[in-house]
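Observations on the three-dimensional arrangement
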Amino acid sequence: MKVSYDWLKELVDFPATPEELLDKVSRTGIEVDSVSRMADGLKKVVVGRVVSLKMHPDSDHLHVAMVDTGEDEPRQIVCGAPNIEEGQTVIVALPGARIGDNVKIKRGKMRGVESDGMICALQELGFSNDIAPKAYDAGIYVFDEPLEPGSDALKALGMEDAVLDFEITPNRADALGMRGVAWEVGATYGNKPHFEDKPVVETGKPVADYLSVKVADEKDAPSYQMRVVDNITIKDSPLWLQRRLWNAGIRPISNIVDVTNLIMLGYGQPLHAFDYDKLGSKQILVRRATPGEPLTTLDGNDHELTPDDIVITNGEKPIALAGVMGGLNSEITAGTTTVAIEAAMFAGTPIRKTALRYNLRSEASSRFEKGIDVGSINKALDEAARLMAALGDGEVATGTISASHVDPEPVEVDISLDRINHILGTQLDAKTVTGLFDRLGFEVTEADGLFSVLVPTRRWDIHIEADLIEEVARLYGFDNLPSTLPTTTMTVGEFTASQARRKRSRKLLEGLGLTQIISYALTTPAKAAAFAIDDSEETHVAFPMTEDHQTLRCNLVSGLIDAVAYNVARKQTDLALYEQGRIFPRSAGHTRPQEVEYIAGALSGNVIQAGWHQAAKPVDFYYVKGIVDSLLADYRLAGPVEYQALVDDPSLHPGQSAKLVLDGEVIGLIGRLHPQFERAQKINETYVFELNLDALLAASRTEMTAVAAPKFPSVTRDIAVQVTANITNAEIQAVIAKNGGKFLQDAHLFDVYSGKKLAPGLKSLAYTLTYRRKDATLTDDEVTKANDRVEAALKSELGAVIR
């Protein structure tokens, strides 16, 4: 909110410079970011009057003007503006003046004719095209009122006015109007504002003769009021009004449109003016749009509306997007003679969504989103009608049309003096607290330290006693609150079990030689869908900044591969990377994705460098599997994790990849990238893994217990089995575990062979089986019986041949 210092001084008395006001207000609750003056750096710019005008002798577009600048003799100035005319009051930069962009004006000649200064456009003084009146875009600015030649033009234009940039938070939307700011500044300095509210004079026909208004659903528009001003003349606004608009960053348009913006700045109440004759009917209906209903807004853009949009219609077709922007079909133009003025309160959520949907965020929509003062809706409407009639030489129709209405009743909040002092640690008395509430304009009654406070509708952010305590604290002064040590019991902070486990997983991987990376959560649709453990719908960003960051990721591997490719492109080929973070899968039929914690890794190149005493050792599937097994072992899972061959993922090698299954649920994957995929990514042989941490944290686990060292020796037996190539080690291990008996402690695979000595399609695996009893030494007979059962089961269940 850009606050004019001069305008503020008209509304409330306070003894402070703009810079002092910035500091004071910032310390009482609303941050003021800066103070600026448009005139900073400008000098020797005065008001001039064009006394005479003639064409330049050597140009068909230049004029030679004699300009009265308050001196003894007029100045001769050559000007190329197409709109210059004799008798105009204009802006003159004298020789030696500084204007916009630090340009210095000098005496000179233009095509042989002496020019003693410069007649200026607003843009040449530093005005942007966004705030300079459009009528003067191609020429000089002309004052619409007689000013004394030689007087300060910068002051006349309001450029010496200090503009304070208030950073308004959503809870303090009451300060999005000058009246709200005046209450805030007045409360800060102990003075109340003095507003000059003039009555509206109704001289026209009854407003019911012009319009009937209806609101289809009062939840969309709890308050909707209209007035009509007839027989108006569209013209430029007076200079005082233009000054207030461009100092607030708003471009003057015409007297009628400018009044709506002025009232919004003054009261914080957005208004909209319709050309009555363009409505096409005498009816206004506020309703939801129908699917695909068209509307061209004032910016010239066409929109297909949805039922989520609130629209103002003429009973049939939309003429405005409620609370956002008017329609081109009811725009105020130079030919407008009758104006219908709208003042309303719209539901904030639909307004916010509509503004975002069509990229039409405006000053009006921002205020409706945050809330408005229901007590000033009709006051703002009356003042708008009065000003339009005064500035447009029109007449106000008698009466106001009210399609829906909200009673502006103050909120009553009770609080005790003891409660205030207890929370703030102060020793304030009842008189002091009553005075602070009175400075805010709150009605308050006090009896025996109990306050009953009536909060006016302009402070709709205050509902509970904590809100009142905050008001007392900031007006009393945060600097004045006593500093005390806390007297409550201190609680030692600690990680939750989930946080501790995630942190331990990171330390474990770093201990195994991996380096952590952090990648973007937004990626491409193709990368988001790859390496997915579970099926998921894609979640796209509504307005992505780039094509590479438009979809929420559903895996971590893609980000790791990007990091590998980045390093390989820079000649770094020995890599061991991991990432712990969230992925965002979305179930079908849901609009919002879930957030699931994952951990993943990618390894490429050598894990041991070549040296004089050893050869280089490249990473392989079993090295990565060892890392995963070490990580899983630390979770002490109650059930076994099965590695099942993964052959249907096009990004992974079909013979060196597996999915990890725990209790029937897929919790991860591991494997080498497909060679074609590696070539496409321009990377070397790379192995990856990915685990669902949330699933691991939720799984059943066993407690770690200490046991005594065994007293009795173990007995080992080796067994070699010949099986078909499609039988896996896991299947053999399962048969051994099931039939080995209660004394079997371990089965270790120590050799695998397939070659010329075996028929095609066969392989041989050799295991060491370890047996031990806790209560006695095993006999040879006990071990033999257990081993025989294992061999028999391998033959019958897997068709194995014992070698």
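For the structure, see preceding data.
Our subject in this report is the structure included herewith. All of these numbers come straight from a predicted model, not from anything done at the bench.

**Section: empty space enclosed by the protein**
Applying the stated criterion across every chain, the model contains 2 cavities of 30 Å³ or more. Roughly 50 Å³ of internal volume is contained in the largest cavity. Lining the largest cavity, in full, are Arg-172, Asp-174, Gly-180, Trp-183, Glu-184, Leu-440, Arg-458 and Arg-459. By residue class, the composition of the lining of the largest cavity is 2 nonpolar, 1 polar and 5 charged. The volume enclosed by the second largest cavity comes to roughly 40 Å³. Lining the second largest cavity, in full, are Met-1, Lys-2, Ser-4, Trp-7, Met-178, Arg-244, Asn-247, Ala-248 and Leu-265. Where the lining of the second largest cavity is concerned, the elements lending two or more residues are β1 (2–4) and α5 (239–247). Classifying every residue of the lining of the second largest cavity by side-chain character gives 5 nonpolar, 2 polar and 2 charged.

**Topic: the environment of Ala-430**
By the secondary structure assignment, Ala-430 is in helix α11 (residues 430–439). On the basis of relative accessibility, which here comes to 18%, the residue Ala-430 falls in the buried class. When the C-alpha atoms of Ala-430 and Ala-786 are compared, they prove to be 91 Å apart, with 356 residues separating the residues in sequence. The contact partners of Ala-430, leaving out residues within four places of it in the chain, are Leu-417, Glu-446 and Phe-451.

**Side note on the layout of surface pockets**
Considered as a void within the structure, the second largest pocket measures approximately 1,100 Å³ in volume. Along the walls of the second largest pocket sit 28 residues, with Phe-621, Lys-625, Tyr-643, Asn-729 and Ala-730 positioned nearest its centre. If you list the elements that add at least two residues to the lining of the second largest pocket, you get α16 (621–633), β35 (641–645), β36 (652–662), α19 (729–739), β40 (744–753) and β41 (762–771). At 6 residues, the largest contribution of residues to the lining of the second largest pocket is made by α16.

Reading guide: rules and limits
Residues numbered from 1 in each chain as written. Predicted model: local features only at pLDDT ≥ 70, side-chain atom pairs only at ≥ 80, totals over all residues. Heavy atoms only, no water. 1 Å grid on protein atoms, 1.4 Å probe; cavity = no way out; pocket = protein on both sides within 12 Å on 5 of 7 lines; lining within 4 Å. Points joined across faces, edges and corners; volume = space filled by probe spheres on them. Nonpolar A, V, L, I, M, F, W, Y, C, P; charged D, E, K, R; others polar. Helix = DSSP H or I, 4+ residues; strand = E, 2+ residues; numbered from the N terminus. Buried < 20%, exposed > 50% of the residue type's maximum accessible area, 1.4 Å probe, protein only. Contact = heavy atoms within 4.5 Å.

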